[in-house]
Amino acid sequence: MAAETIGRCKCPLCSSDRARLSLAKSKLSVITCNACNFQGFARSDRSDDKLRALLIAEPAAPPADDPPAPPAPIATAPQPAPATRAPMGWGVLGHA
Ligand SMILES: [Zn+2]
């Protein structure tokens, strides 16, 4: 049996909320972030508490298969009009 998952938490490195907090054999928590591949192991009750503090409170629900849509990037810049085909200056080299 793999590590027991406690829940989702916020990655302390990349701030992704898709990091996973699980319980190691030591009964201390382990954070695993799939966004930046960070893994962090609590080695004491203190760090265990700190890791658990990152937990995101959410109603118990079966893990959704489809990941939540990532926040849309700020893309409000107006699209430039399609470029009109500019005639290429073919006579630049000028042949004799
Ligand atoms: Zn991360």
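Residues numbered from 1 in each chain as written. Predicted model: local features only at pLDDT ≥ 70, side-chain atom pairs only at ≥ 80, totals over all residues. Heavy atoms only, no water.

1. As for the coordination of the zinc ion
Turning to step 1, where the next piece is worked out: The protein atoms donating to the zinc ion are Cys11 (SG), Cys14 (SG), Cys33 (SG) and Cys36 (SG), with metal-donor distances spanning 2.3 Å.
Turning to step 2, where the next piece is worked out: Relative to the metal, the four donor atoms surrounding the zinc ion lie at angles of 107 to 113°, and the coordination shape comes out tetrahedral.
Turning to step 3, where the next piece is worked out: Sequence positions of the residues that donate to the zinc ion give the spacing C-x2-C-x18-C-x2-C. Residue Cys11 is located in the loop between strand 1 (4-9) and strand 2 (19-23), and its partner Cys36 is located in the loop between strand 3 (29-32) and strand 4 (39-41); the two are separated by 25 residues in the primary sequence.
Turning to step 4, where the next piece is worked out: Look at Cys11 and you get buried, because its relative accessible area is 2%. (Donors = N, O, S within 2.8 Å, 3.2 Å for Na, K, Ca; no water. Tetrahedral: all angles 85-135°; square planar, octahedral: opposite > 155°, others 65-115°. Helix = DSSP H or I, 4+ residues; strand = E, 2+ residues; numbered from the N terminus. Buried < 20%, exposed > 50% of the residue type's maximum accessible area, 1.4 Å probe, protein only.)

2. Quick word on the environment of Lys50
Turning to step 1, where the next piece is worked out: With respect to the helices and strands, the residue Lys50 is situated in helix 1 (residues 45-52).
Turning to step 2, where the next piece is worked out: Since its relative accessible area comes to 52%, Lys50 is described here as exposed.
Turning to step 3, where the next piece is worked out: Expressed as a C-alpha distance, the spacing of Lys50 and Ser29, which sit 21 residues apart in the sequence, is 9.5 Å.

3. So, the environment of Leu54
Turning to step 1, where the next piece is worked out: Considering the arrangement of structural elements, one finds Leu54 in the segment after helix 1.
Turning to step 2, where the next piece is worked out: The partly exposed category is assigned to Leu54, whose relative accessible area is 25%.
Turning to step 3, where the next piece is worked out: Separated by 33 residues in the primary sequence, Leu54 and Leu21 place their C-alpha atoms 8.7 Å from one another.
Turning to step 4, where the next piece is worked out: Among all residues touching Leu54, those that are not within four sequence positions of it are Arg8, Cys9, Lys10, Pro12 and Ile31. (Contact = heavy atoms within 4.5 Å.)

4. A look at the side chain of Ser16
Turning to step 1, where the next piece is worked out: With respect to the secondary-structure elements, Ser16 resides in the loop between strand 1 and strand 2.
Turning to step 2, where the next piece is worked out: By relative accessible area, Ser16 is classed as buried at 12%.
Turning to step 3, where the next piece is worked out: Once residues lying within four places of it in the same chain are set aside, the contact partners of Ser16 are Cys9, Lys10, Cys11, Cys33 and Ala35.

5. A word on the nonpolar core
Turning to step 1, where the next piece is worked out: In this structure, Cys9, Cys11, Ala19, Leu21, Leu28, Ile31, Cys33, Ala42 and Leu51 together form the largest nonpolar core, which totals nine residues.
Turning to step 2, where the next piece is worked out: If near-sequence neighbours (up to four positions away) are discounted, Ala19 is found in contact with Gly7, Arg8, Cys9, Lys10, Cys11, Ile31, Thr32 and Cys33. (Core = buried A, V, L, I, M, F, W, Y, C linked by side-chain atoms within 4.5 Å.)

6. Thoughts on the pairing of strand 3
Turning to step 1, where the next piece is worked out: By the alternation rule, side chains of strand 3 split into Ser29 and Ile31 and Val30 and Thr32, which are all buried.
Turning to step 2, where the next piece is worked out: Note: strand 2 against strand 3, four bridges, orientation antiparallel. Of the residues in strand 3, the one forming a bridge with Leu21 is Ile31.
Turning to step 3, where the next piece is worked out: As judged from the three bridges shared by strand 3 and strand 4, these two strands associate in the antiparallel manner. Looking at the pairing, Ile31 lines up with Gly40 of strand 4.
Turning to step 4, where the next piece is worked out: The hairpin formed by strand 3 and strand 4 contains six residues between the paired strands, and Asn37 there has a positive phi angle of roughly 65°. (Pairing = 2+ DSSP bridges.)

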